[in-house]
Amino acid sequence: MADTTVVFDDGQAYEHFMGRWSRALGALFLDWLAPPKGARWLEIGCGTGAFTQVLLDTSEPASVAAIDPAAAQIEYARTRLQDTRVDLRVADAQHIPFPDGVFDLVASGLVINFIPDCARALAEMRRVCRPHGCVAGYVWDFAGERSSGWPLRLGFRKIGFEPPPIPGLEDTGRGALHHLLARAGLHDIDTSAIEVTLRFASFDEYWRSQTPAFTPQGMIVAKLTDADRLRLRQAVRDALPTDPDGGISYAARANAVKAVIPRD
């Protein structure tokens, strides 16, 4: 198939694609994490700021530094997050632009498996987090085929197409996440599965939100023949339960992990 490299250069499109999932998962993740009030946070891969806003609304942080490598995402987030506690920066998780030990918690949502050098990024997260602080995050359960995109991936296979590969798929199971943080030298590691159900007003609303042009699956859909696209739509529609009013509701699952920075 053609190149399906993801470039997150449209903040508004990404918000429509993943924003509501990020908010729903973020709230459940923070319930599980149970962070202390007044903490100094670093968010890795903040995107459009969906999780950042949930954090501000629910956890009473003293401050939130939020980084993302995509300038367009940071620009979009700045239009939405006007809170003086937030410091938004274009930066890479593999080269975090902060001194050692300045944060109480370092967190990421739907990011870890997409980082090219995850080991280096975790070493950086450990570096900037204070001793006995917390590093935590959650990723879609791609290994278990339970991400928000599972209906579309199932549909591709039903019509004889292989869905696009998932970067870092092998790092998205609970055991794999535990292993990643253990290799980074973190202690008291815990994992959990987080399941969330979202509703779309119609199949067309679902379809538009899940096939934007910047995503690998959207790129493939755009290149299908009209006949194959209709076959794919029908296969996906058949996989999704339909409410009496025509709405679509379905569940997806993320895996979460948290660990403690050891005292040197």
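Note that the structure is predicted; figures quoted are calculated from it, not measured.

## Re the overall build of the chain
Okay, step 1: Helix and strand counts for the chain stand at nine helices and seven strands.
Okay, step 2: The C-alpha radius of gyration of the chain comes to 19 Å, within 12% of the 18 Å expected for a compact globule of 264 residues.
Okay, step 3: Here the C-alpha coordinates of the chain stretch approximately 60 × 35 × 35 Å along the principal axes.
Okay, step 4: Split into buried and exposed, the 264 residues of the chain put 56% on the buried side.
Okay, step 5: When contacts within the chain are restricted to residue pairs at least 6 apart in sequence, long-range pairs at least 24 apart make up 76% of them.

## Digging into the state of the cysteines
Okay, step 1: The full count for this structure, using the stated rule, is zero disulfides.
Okay, step 2: In this model Cys129 remains outside any disulfide bridge; the closest cysteine sulfur is found in Cys134, 7.0 Å from its own.

## A few points about the pairing of strand β2 (residues 63-68)
Okay, step 1: The buried fraction of β2 amounts to five of the six residues, a majority that puts the element mostly inside the structure.
Okay, step 2: Here strand β1 (residues 40-44) runs beside β2; their pairing, made up of five bridges, is parallel. Looking across to β2, one finds that Trp41 is bridged to Val64.
Okay, step 3: Handedness of the crossover joining β1 and β2 through helix α2 (residues 50-59): right-handed.
Okay, step 4: Both β2 and strand β3 (residues 86-90) contribute to a ladder of five bridges, which runs parallel. Residue pairing in the sheet places Ala66 in a bridge with Leu88 of β3.
Okay, step 5: Crossover connection from β2 via helix α3 (residues 71-80) to parallel β3: handedness right-handed.

## Here we look at the side chain of Ser209
Okay, step 1: Relative to the assigned elements, Ser209 resides in helix α7 (residues 203-210).
Okay, step 2: A distance of 3.5 Å separates a polar atom in the side chain of Ser209 from a polar atom in the side chain of Gln210.
Okay, step 3: Those residues in contact with Ser209, other than ones at most four positions away along the chain, are His16, Phe17, Arg20 and Phe200.

## Comments concerning the nonpolar core
Okay, step 1: One finds Trp21, Phe29, Trp41, Trp140, Tyr206 and Leu232 to be the most contacted residues of the largest nonpolar core, which totals 57 residues.
Okay, step 2: At nine residues, the largest contribution of residues to this core is made by helix α1 (residues 11-33).
Okay, step 3: Among all residues touching Tyr206, those that are not within four sequence positions of it are Pro151, Leu152, Phe200, Val236, Leu240 and Tyr250.
Okay, step 4: Among the nonpolar cores identified, the runner-up in size contains 30 residues, and Ile112, Cys118, Val135 and Val139 belong to it.

## Details of the pattern of salt bridges
If the charged atoms of two oppositely charged side chains come close together, the side chains can form a pair.
Okay, step 1: According to the stated counting rule, one finds 17 salt bridges in the structure shown.
Okay, step 2: For Glu124, the salt bridge goes to Arg127, with nearest N and O atoms at 2.8 Å. In this pair, Glu124 and Arg127 both sit in helix α4 (residues 118-128), three residues apart, roughly one turn of the helix.
Okay, step 3: The exposure class assigned to Glu124 is buried, which follows from its relative accessible area of 14%.
Okay, step 4: Between Asp243 and Arg199 there is a salt bridge; the shortest N-O distance is 3.0 Å. Of the two residues, Asp243 sits in the loop between α9 (226-239) and β7 (248-260) while Arg199 sits in strand β6 (residues 187-200), which places them 44 residues apart along the sequence.

Scoring rules and cut-offs
- Residues numbered from 1 in each chain as written.
- Predicted model: local features only at pLDDT ≥ 70, side-chain atom pairs only at ≥ 80, totals over all residues.
- Heavy atoms only, no water.
- Helix = DSSP H or I, 4+ residues; strand = E, 2+ residues; numbered from the N terminus.
- Rg over C-alpha atoms; globule rule 2.2 N^0.38 Å.
- Buried < 20%, exposed > 50% of the residue type's maximum accessible area, 1.4 Å probe, protein only.
- Contact = heavy atoms within 4.5 Å.
- Disulfide = S-S within 2.5 Å.
- Pairing = 2+ DSSP bridges.
- Right-handed = clockwise from strand over helix to strand, strands pointing away.
- Polar contact = N/O pair within 3.5 Å; in protein donor to acceptor, adjacent residues only side chain to side chain.
- Core = buried A, V, L, I, M, F, W, Y, C linked by side-chain atoms within 4.5 Å.
- Salt bridge = Lys/Arg side-chain N within 4 Å of Asp/Glu carboxyl O.

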